[in-house]
Each structure stands twice: as C-alpha cells, then as structure tokens.
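Coordinates in review
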Amino acid sequence: MATGFRPVTDARQRQMAHPQAQAWWQALDCGFAPVADVFEECLYEALSSFSKPQMEAFIEAARYIGKLGRGPEPLLAFLEEWPAVVAAAGVDQQDLLPSVMSAIRAMQQSPNSKAITPFLQTLAAVARRLPSADQLRIYLDIAQDLMARSSGSIHGHHTTFPSPALPEFFAQAPRLLGLLSTTGLRNWTEYGIRNYANHPERQVDYFSLQSADSHAVLQRERHGTLFADVERQLDLYLRALWRDSEQLVPYSTAQLTSGELRKPVPYYDHLGIRVPDVFDDVRGVTGLDRYRAVLAHMVGHRRWSQAQIADNWSPFQRMAVEFFEDCRIETLLMREYPGLSRIFLALHPRPQEAACDPQTTSCLRHRLAMLSRALLDPAHGYGEPVLLDFVRRFHQMLTGRESSTAESAALALAYVTQTRRQSDQLAKIHFDDTVIDYRDDNRQLWKFIEQGDEEEAFDEERRPEPGEELHGLPPRRYPEWDFASQTYRPDWVSVYEAMHASGNPAEIDRLLAKHAALAKQLKRLLDLLKPQDKVRIRYQEEGSELDLDVAVGSLIDFKSGATPDPRINMSHRTDGRNIQVLLLLDLSASLNERVGADGTASGQTVLELSQEAVSLLAWAIDCLGDPYAIAGFHSNTRHEVRYQHIKGFSERWDDTVKARLAAMEAGYSTRMGAALRHAGHYLSHRQADKKILLLLTDGEPADIDVSEPGHLRADARKAVEELAAVGVTTFCLSLDPRADDYVRDIFGKRWRVLDRIERLPETLPSLYLELTR
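Predicted, not measured: the structure shown is a model, and the values here were computed from it.

**Thoughts on the overall build of the chain**
- Tallying secondary structure elements over the chain gives 28 helices and 20 strands in all.
- Residues counted as buried form 50% of the 773 residues belonging to the chain.
- Contacts spanning at least 24 positions in sequence make up 71% of the contacts within the chain whose residues lie at least 6 apart.
- Working note: accessible area of the chain is about 37000 Å², and carbon and sulfur atoms make up 49% of it.

Listed below in structure tokens is the structure:
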C-alpha cells in the first residue's frame, strides 16, 4: 500500500456538504484520506475559475495522477496548485493542461517518477514568475531535456538510473526564474548537463545551487549589472572621486534562506564595504549608477558621520536619527557633486500623504519616508505643516556648513517628540514606499556603553593602523576553457595585478655594460631598422623650422593690412613603423634552476639570464622608438594568478623601470592562459597596425590545483585563439628543450625553442627584430 494511504469511509464521503462535491469525488475515484480532507476546498476554488468542460478535464487529469502509485502527495499538489497555475498563465486551461500532463507521463514512464511531486509542488510558483503560457511551455521543454540527458545507464548495463538533477531542478526552479530569463535558465541547465552528465553527485551539487560552478554560471546568466563586471570601475570611482580605497565585498542576493525575513542591505564593517552582487536597472537608473549611489552614501557616512551613544534611545528614536542623518549626508554629497541628485531622487520612493491609515496601522516609517523625500526634493509637494517646519529647520541647520551627527540627532528627537502617535506601537506597520534601497543599515552610526543583544550584531568600526598602506586593485576574473566538456568555466580564474617591487637600477646598467659588444652589434642593426620616412607637418605655430611658403603668404597679408596666419613653422615625424609590443615573462619557480645539467655551465640561473636578455631587448626597443610594455606572472592555484607590471606603455626606459627589472624574483606555477588573456586585454586596446605579445617561458602550463596536464595546455591554446581574433599576434620563446610538442600545440607556427639557454641575451633581441622587421 502506498505511503499515506488510509481508506476513505462512507461516513467521510457523506460529510461533503454538497451533492455536486460528492459527484466530483466519485469521478475522482480516489481512496486517499488526506485528499478527502481537502478535496471540497480545492473543488470550490476550481469551480470559481473553470467551466464544466474544464472541470471535467481537471478531474480527469487529477484521477490519472492519483493512479500513478506515488501516494497522495502528487495529487494533493495538483489539486491545490493547478487553479493558481492557470490563473498565473492567463490562458484557457486546455491550452496548458495537455503540455503539463505530457511532462507527467514522460516522468512516469521513465525512472524519474519521484520527480513528479516536486514538479507539481513548484509549478504555481514557476508560473507566477513567467510572463506567458509560451514561457511556461519553454520551462517544460527545459525540464524534459534535462530529464532525458541526465538519466543514464550504470556502468554500461541496460538498467537505467533516474536523473539525480531533476528533483533538485524543480525545487530550485522558482528561485532560478526569479533571477533568470528562460534563455538564461536554459544556458544554466545546459552547462550542468554538459559538464556533469557522468557525475551524479556533482549533478546534485550543481542543480541544488551548492557548487561554485553553479553560482558562477548563475551570475553570468543573470539579468542586471553584475558586480563582477563593474568591480574595477567602482574601485577606481571610489579612489578617484572620494579618495577612499576600502575593499569592496559583494554579498549574494540569490541565496536567501527560508528563515530570512528580508533581503540584506548594504553596509560596511572592518572587512570592507559590502554591496549586492547584482543590481537591476530601475526607474531609469542603471545598475552601475545604483552602485555609485550606494558607494557615495556609505563614503559620506565614513567621511561626515560620528557614532552616537544609543543606550538610552528607543528603536523609534534611532530610526528617526538614521533618516535625518542619511538626509544630511546626501545633502552634503549633492552639494559636492550635484549630478548625484538625479540618481538619489530617482531611487528615493515618493510616499503619498494619505497612503497610511493611522487608525489601524503604525505610520512612523511612512511619515519618516515622506520627510526624507521632502528634505532632499524641493519639489516634494507635501503640505503637512509639521513636516514643512522640520524641512525648514533642517536646511537652516546646513546653511553654509556641514553641521554634525549630533545636531541631526537633536533635530530627529524633536521630530519624534512632536509627531509621535499611540498607533506607532501597533504591530501592523506600513512599509509601502518606505524602503530606500541605496542606503546602508547604519550599523556604524551607533555605539553602546553597556553590552547587550543589539550591538552584538555589529562589528566595531575599522580604523587604519598607524602607517598602514592601502594598495592593490580588486581581481579581474577570467573564464577558463574546459577541454573535456568543450565549454568555458565562467569567472574561474582570479588575476591580481600590482606594480612590481623595485630594486637597484645599477644592476641593470651593469648587465648592459657586460654585453657592450653585443649591444654595439645590435645598434648597427637597429640603425638599419629605424624608420627613415619623414612626414612633414605644416601649419605649426611652433616647429623645428620655418615653412617658407606659409611665411611668405603671411608677410604679404601683413603688408596688405590683413591678419597674417601665425602658423608659419613646420615639424617632421618619422613614418613607417606602427608596432606595439608587450613582453610577458614567466616568473615561475623553475627559473631559479641553474643553466646546464651539472649546474656549473655558467653559474647563472635562468632568471639571471632572463634579466640580461630582457634588459638588452628593452634597450633595443627603446632605440627603435616602438611603444612597449613588460610584465611578469606566476600562479598559486586558480584563485591567485599574480600579474606584475614592470614597464607600462607610457613609461620611459629609465631607472624606475630598471629598478623593477632588477628586483625580479621567481616562484610558484605557470597558469599561462589567464596571464595571456590579461596581457591581451591591455594590448588589444592599443592603437597600432601590428600588436605583438611575446611570451618568454621555460616550461609548459601547470598549476598545483590541476592534475590533468592537457587541461591548462588546451586553455592556453584557446587564449591564443581569442587574442588572434582581436588582432593580437602571440609568439612564444621557450627555454625548455623538450617543448617542441606542446608549444606547437599551443602556438601553432609562432614559437621557437632555445636549446642553449646561455645564448638567450643575444637571441631575444634578434628575435624581436625578426618579428617586427
């Protein structure tokens, strides 16, 4: 007997009040007592929506579900949820019921019959999140495709096992469709199927939103502005406009637990400034501008607010102080950057004066939200006398000065005293148009003398330590190619970039002097390669020589009484080379090995030879006048790829650059694909006829968190293809004598293996001259 089965007695059936209900119950032909307990209520809801033919189809579908042998749960779910599904879809039942019943039959005829219950239990929630019946059918197609492709045989046997992903997919579907379009849902599902088709346990983790991959793909497919896409812009915005270098830390808005009553709001603590991981465009304000508003508001608090002792203030008083202080901060922000007023006013709700009934509802939040709008918006349109009086007092407090948190608090307490009502204590609170979502939770606005429950939720305010240096940029995240599934792993690798440390520039001068003979030989080649074509630039007010034709014309104008043209000079520039180069150095630990099998061939490490070669190359390129940059990289798992700038395109070859080159150190591993993508990101934005990325490495791609050697090799090959698509030519000079096979696989025909590493100082400059000839 199925679980939950209790025979329905005649007495129970006679309890149904209406003969029509008894008739429909007989047509259902069900013996489950839990169904009998709720059938009449479900029936009346259906009768209010369906015609008689629709009711017959509804009961016939329910009868089929009740005979599936899955117990009462699928039938209960269908009876309770189906009228809501039809109402949400906004179509006739007959346009939708056949598609749903077809999906149920497909699951019943496969090993996936246990998924019928979660499918029906979440169907109404799914329908409410989809705009049309066509979208709901697409959802059903996605589910059936997942069922067909994630079920399979066990170790080649004929016995098939059910899809472990399907029940988890149905359970998460309402949440997923709150974040994704149906196209995004299909892409998210497709990634899980393709990457974990042969891993049932990983399927469960992915489709239950437990794995990192699952969240990464979800973020990629979400609508709105993702924090990961604008993190660098926001960090620079924070530094440039507000002179604040605090770390930005995103929190997830997609992982609310059932116990959470509301979404988290922005805040800052000792770990950094916390912002949502995604913002949708709202009321004509882009997601990026919403981030800017959030950061500006919190920076204003960090700059102008002082923590107040809160022990003797009630929650209502603290709420009022927060509203007044938020408005003071935003007024000062708009005073400094007037353009912020457009964003603040667009995002700030506009409560209606008569929207809250004080007889039945606590209107404190409503009054404070109206006041907040009036304090910021001169065209607020409110006419309540007390509100207008406090608006006047607020602006008078800020006239010609910044005021203080203490003054805001005093004004707020006066407002609470003058406007308090008995109904403010009511349990029913008016929330409509009172949530200002770009404001933080003001946890740093309070301090407590006595320890209690409230302050335990807040962290102590972070103060920089004496002499503490704040530096570094947030990571840039890149995808990584998975050759097994032939798909990208989104946002898989984190690249941290920084300026390379400095050493003694005299060391580089010593290396150049050591190779003076080679430098002299290179100089002769460089003179032959230097662009000889001269282009005359006329009509210059300042130039290298007089332009006689223009000067004579200006003299004639002057003698005839006309205003002469002052642009009587000209200058010249060379033409013929338009090349930009980025030299990328592999700084992995293997560069510390000494040259020669016995370690005594020259007494130098590969790193020291690389320093000599790069110094000569930099000197040679500088002589040619080609714009170039130098950077190094190494990695310590996918979470930490270090990219170090040694010379930028706009920097000159001087002691500053030489000092960085002299301080080069080797360590860790070689995650080549991510470094190539990051270097290509800079090079691809340069304006040039030819863009060359020259990689100097001594080994194949490898990292300690990758056991399959072919994986990083395939990713590096994919990175080279990506760069070629944007006009960047990648060339590899390998110092590994065994590199022929894998460098050919990664770089095609653009590589060279140097068998005698000690010849690197003379080979690298010569190679550059060949590539740019």
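On we go from here.
**Things to note about helix 13 (residues 227-242)**
- Taking 1.5 Å as the rise per residue, helix 13 with 16 residues should run 22 Å; its terminal C-alpha atoms sit only 19 Å apart, a clear shortfall.
- At glutamine 233, helix 13 shows its maximal bend, which comes to roughly 30 degrees.
- Buried within helix 13 are the following residues: Phe227, Val230, Glu231, Arg232, Leu234, Asp235, Tyr237, Leu238 and Trp242.
- Remark: arginine 243 follows helix 13 within two positions and exhibits a positive phi of approximately 55 degrees.

**Looking at the pattern of salt bridges**
- Tallied over the full model, the rule gives 44 salt bridges.
- Linking glutamate 497 and arginine 232 is a salt bridge whose minimum nitrogen-to-oxygen distance equals 2.7 Å. Taken together, the residues span a long stretch of sequence, with glutamate 497 in strand 11 (residues 487-499) and arginine 232 in helix 13 at a distance of 265 residues.
- Taking relative accessible area as the criterion, arginine 232 reaches 19% and is therefore assigned buried.
- Close ionic contact of aspartate 437 with arginine 290 constitutes a salt bridge, the shortest N to O distance being 3.0 Å. Highlighted residues: aspartate 437 in the loop between helix 19 (405-419) and strand 9 (446-447) and arginine 290 in helix 14 (residues 287-304), separated in sequence by 147 residues.
- Shared partners join several salt bridges into a network, and the residues in it are Glu480, Arg671, Asp703 and Asp705.

**Focus: the packing of aromatic side chains**
- All told, the structure shown has 21 aromatic pairs when counted by the stated rule.
- Counting every residue linked through ring pairs, the aromatic cluster contains Trp188, Tyr191, Tyr196, Tyr206 and Phe207.
- We note arginine 105 situated over the ring of tyrosine 64; from NZ or CZ to the ring centre the distance is 5.1 Å.

**Section: the pairing of strand 6 (residues 272-276)**
- Among the five residues in strand 6, five count as buried, and that is most of the element.
- Direction of pairing for strand 4 (residues 248-251) relative to strand 6: parallel, over a ladder of four bridges. Residue pairing in the sheet places proline 250 in a bridge with valine 275 of strand 6.
- With three bridges connecting them, strand 5 (residues 267-269) and strand 6 associate as antiparallel partners. If you follow aspartate 269 over to strand 6, its bridge partner there is glycine 272.
- Here strand 5 folds back onto strand 6 in antiparallel fashion, the turn holding two residues.

**Observations regarding the packing of helix 7 (residues 116-128) against helix 9 (residues 165-179)**
- Between helix 7 and helix 9, the least distance of the axes is 9 Å, while the angle of their chain directions is 10 degrees. Between helix 7 and helix 9, the crossing angle belongs to the class labelled roughly parallel. Residues Pro118, Phe119, Thr122, Ala125 and Val126 of helix 7 touch helix 9, and the partners they reach there are Pro167, Phe170, Ala171, Ala173, Pro174 and Leu177.
- Per-class residue counts for the contact of helix 7 with helix 9 are 10 nonpolar, one polar and no charged.

**Side note on the nonpolar core**
- Ranked by size, the top nonpolar core spans 73 residues in total, and within it Trp82, Phe119, Tyr139, Phe169 and Trp188 carry the most contacts.
- No other element matches the nine residues that helix 5 (residues 72-89) contributes to this core.

**Some remarks on the packing of helix 4 (residues 52-66) against helix 5**
- Two numbers describe how helix 4 lies on helix 5: the axes approach to 8 Å, and their chain directions differ by 160 degrees. The orientation of helix 4 relative to helix 5 falls into the category roughly antiparallel. Between helix 4 and helix 5 lies a crossing whose hand is right-handed. On helix 5, the residues that touch Phe58, Ala61, Ala62, Ile65 and Gly66 of helix 4 are Pro74, Leu75, Phe78, Leu79 and Trp82.

**Quick look at the sheet that holds strand 20 (residues 751-753)**
- An order of 10-11-17-16-15-18-19-20 is seen for the eight strands of this open sheet, with the pairing classed as mixed. For this open sheet the edge positions go to strand 10 (476-482) and strand 20, each flanked by a neighbour on one side alone. Ignoring strand direction, the axes of neighbouring strands in this sheet form an average angle of 25 degrees.
- Direction of pairing for strand 10 relative to strand 11: antiparallel, over a ladder of six bridges. Paired with tryptophan 481 across the strands is tyrosine 488, a residue of strand 11.

**Brief notes about the environment of glycine 300**
- Assignment of secondary structure puts glycine 300 in helix 14.
- Other than its neighbours up to four places away in sequence, glycine 300 contacts Ser305, Ile329 and Leu333.

**Section: the confidence of the model for the chain**
- Across the chain, the average pLDDT comes to 84, with 88% of residues at 70 or higher.
- Here residues 1-9 scores under 50 on pLDDT; set against residues more than four positions off or in separate chains, the count is 22 contacts.
- The low-confidence segment residues 451-471, where pLDDT is below 50, has 20 contacts with residues more than four positions distant or belonging to other chains.

**Notes on the sheet that holds strand 6**
- Ordered in space as 4-6-5, the three strands form an open sheet in which the pairing is mixed. Edge positions in the sheet fall to strand 4 and strand 5, since each of these pairs with one other strand and no more. Pairs of neighbouring strands in the sheet enclose a mean axial angle of 30 degrees, with direction left out of account.
- Where helix 13 meets the sheet, its contacts fall on strand 4 and strand 6, and the angle it forms with strand 4 comes to roughly 150 degrees.
- Across the sheet, helix 14 touches strand 4, strand 5 and strand 6, and the angle it forms with strand 6 is around 150 degrees.

**Section: the side chain of threonine 697**
- Note that threonine 697 resides in strand 18 (residues 690-697).
- Under the relative-accessibility criterion, threonine 697 is labelled buried at 3%.
- Side chain to side chain, threonine 697 and aspartate 586 meet in a polar contact 2.7 Å long.
- For threonine 697, the contacting residues outside a window of four places in its chain are Asp586, Met672, Cys732, Leu733, Ser734 and Leu735.

**Concerning helix 6 (residues 93-108)**
- Along its 16 residues, helix 6 runs 22 Å from first to last C-alpha, staying within 8% of the 22 Å computed at 1.5 Å per residue.
- Restricting attention to buried positions, one finds in helix 6 the residues Gln93, Leu96, Leu97, Val100, Met101, Ala103, Ile104 and Met107. With its buried residues spanning 155 degrees around the axis, helix 6 presents them on a single face.
- Residues of helix 6 that are buried make contact with helix 4, helix 5, helix 7, helix 8 (133-150) and helix 9.

**Quick notes on unusual backbone geometry**
- Backbone geometry places arginine 243, a non-glycine residue, at a positive phi of 55 degrees.
- Here arginine 243 shows up in the loop between helix 13 and strand 4.
- Its identity as a non-glycine residue notwithstanding, tyrosine 668 has a phi of 65 degrees, on the positive side.
- Following the sequence through the fold, tyrosine 668 ends up in the loop between helix 24 (655-662) and helix 25 (672-684).

**Some details on the environment of threonine 487**
- Within the secondary structure layout, threonine 487 lies in strand 11.
- Residue classification places threonine 487 among the buried positions, given a relative accessible area of 11%.
- Taking the C-alpha atoms as reference, threonine 487 lies 7.9 Å from tyrosine 191; in sequence the two are 296 residues apart.
- Ignoring any residue separated from it by four or fewer positions in sequence, one finds threonine 487 in contact with Tyr191, Arg194, Asn195, Glu480, Trp481 and Asp482.
- For threonine 487, the side chain forms a polar contact with the side chain of asparagine 195, separated by 3.4 Å.

Parameters and conventions
Residues numbered from 1 in each chain as written. Predicted model: local features only at pLDDT ≥ 70, side-chain atom pairs only at ≥ 80, totals over all residues. Heavy atoms only, no water. Helix = DSSP H or I, 4+ residues; strand = E, 2+ residues; numbered from the N terminus. Buried < 20%, exposed > 50% of the residue type's maximum accessible area, 1.4 Å probe, protein only. Contact = heavy atoms within 4.5 Å. Areas by Shrake-Rupley, 256 points an atom, 1.4 Å probe, with all protein chains shown as cover. Expected span 1.5 Å × (residues − 1). Bend = angle between axes of the 7 residues up to and from the residue. Salt bridge = Lys/Arg side-chain N within 4 Å of Asp/Glu carboxyl O. Phe/Tyr/Trp six-rings, centres within 6.5 Å; stacked < 30°, edge-to-face > 60°. Lys NZ or Arg CZ within 6 Å of the ring centre and 35° of its normal. Pairing = 2+ DSSP bridges. Axes fitted to C-alpha atoms, helices over the stretch in contact; angles between N-to-C directions. Parallel < 35°, antiparallel > 145°, perpendicular 65-115°, else oblique. Nonpolar A, V, L, I, M, F, W, Y, C, P; charged D, E, K, R; others polar. Core = buried A, V, L, I, M, F, W, Y, C linked by side-chain atoms within 4.5 Å. Left-handed = near helix turned anticlockwise from the far one by under 90°. pLDDT = per-residue confidence, 0-100. Polar contact = N/O pair within 3.5 Å; in protein donor to acceptor, adjacent residues only side chain to side chain. Arc of directions from axis to C-beta.

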